[in-house]
Amino acid sequence: QVQVVESGGGLVQAGGSLRLSCVASGTFFSINVMAWYRQAPGKQRELVASVTSADSTNYVGAVKGRFTFSTINTKNTVYLQMNGLKPEDTAVYYCNAMVRSTATRTVYSYWGQGTQVTVSS
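How each quantity is defined
Residues numbered from 1 in each chain as written. Predicted model: local features only at pLDDT ≥ 70, side-chain atom pairs only at ≥ 80, totals over all residues. Heavy atoms only, no water. Helix = DSSP H or I, 4+ residues; strand = E, 2+ residues; numbered from the N terminus. Rg over C-alpha atoms; globule rule 2.2 N^0.38 Å. Buried < 20%, exposed > 50% of the residue type's maximum accessible area, 1.4 Å probe, protein only. Contact = heavy atoms within 4.5 Å. Areas by Shrake-Rupley, 256 points an atom, 1.4 Å probe, with all protein chains shown as cover. Lys, Arg positive; Asp, Glu negative; His and termini not counted. Charge placed at Lys NZ, Arg CZ, Asp CG, Glu CD. Pairing = 2+ DSSP bridges. Axes fitted to C-alpha atoms, helices over the stretch in contact; angles between N-to-C directions.

**Side note on the overall build of the protein**
Link 1 in the chain: Looking only at helices and strands, the protein features zero helices and 11 strands.
Link 2 in the chain: Helices and strands in the protein line up, N terminus first, as β-β-β-β-β-β-β-β-β-β-β.
Link 3 in the chain: Its C-alpha atoms give the protein a radius of gyration of 14 Å, within 12% of the compact-globule value 14 Å for 121 residues.
Link 4 in the chain: Considering only C-alpha atoms, the protein reaches an extent of 50 × 25 × 20 Å along its principal axes.
Link 5 in the chain: When each of the 121 residues of the protein is scored for burial, the buried share is 40%.
Link 6 in the chain: Look at the contacts in the protein between residues 6 or more apart in sequence, and 55% of them connect residues 24 or more apart.
Link 7 in the chain: As displayed, the protein has an accessible area near 6,300 Å², and 49% of this comes from carbon and sulfur atoms.
Link 8 in the chain: Separation of charge centres in the protein, based on 10 positive and 5 negative side chains, amounts to 5 Å.

**Details of the sheet that holds strand 7 (residues 67–69)**
Link 1 in the chain: With respect to topology, four strands assemble into an open sheet ordered 1-3-8-7, the strand pairing being antiparallel. The strands lining the two open edges of the sheet, one partner per strand, are strand 1 (2–7) and strand 7. Along the sheet, successive strands turn relative to each other by an average axial angle of 15°, direction set aside.
Link 2 in the chain: In this sheet, strand 3 (residues 18–26) lies alongside strand 1 in antiparallel orientation, the contact comprising six bridges. By the bridge assignment for strand 3, glutamate 6 is matched with cysteine 22.

Don't take any of this as a statement about function, it's just geometry.
This is the structure:
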């Protein structure tokens, strides 16, 4: 079983910074992709940033230049450094891991429980 856990959310004023952490643990063959999604009230969940096992990163246009996604480290942990936060960044942020099973080699998607980020104006 694979567990994905996020942390680091909180309340911050506009222009402030937060660092989110995500840890994938359990038994798996490999992690192909880890990504951050967010879901604001009344809106659909959207991709914020992703990183592959080959260290290829991608960011949604709204966060480019403000957010930085780390590569996957040896502890299967990634970080999302969020600078210059805006009220529109307010959302529940979810970590997602695309993991290849050791037993079946099938790729499964695992989600964390989410961490709340609230940016006040």
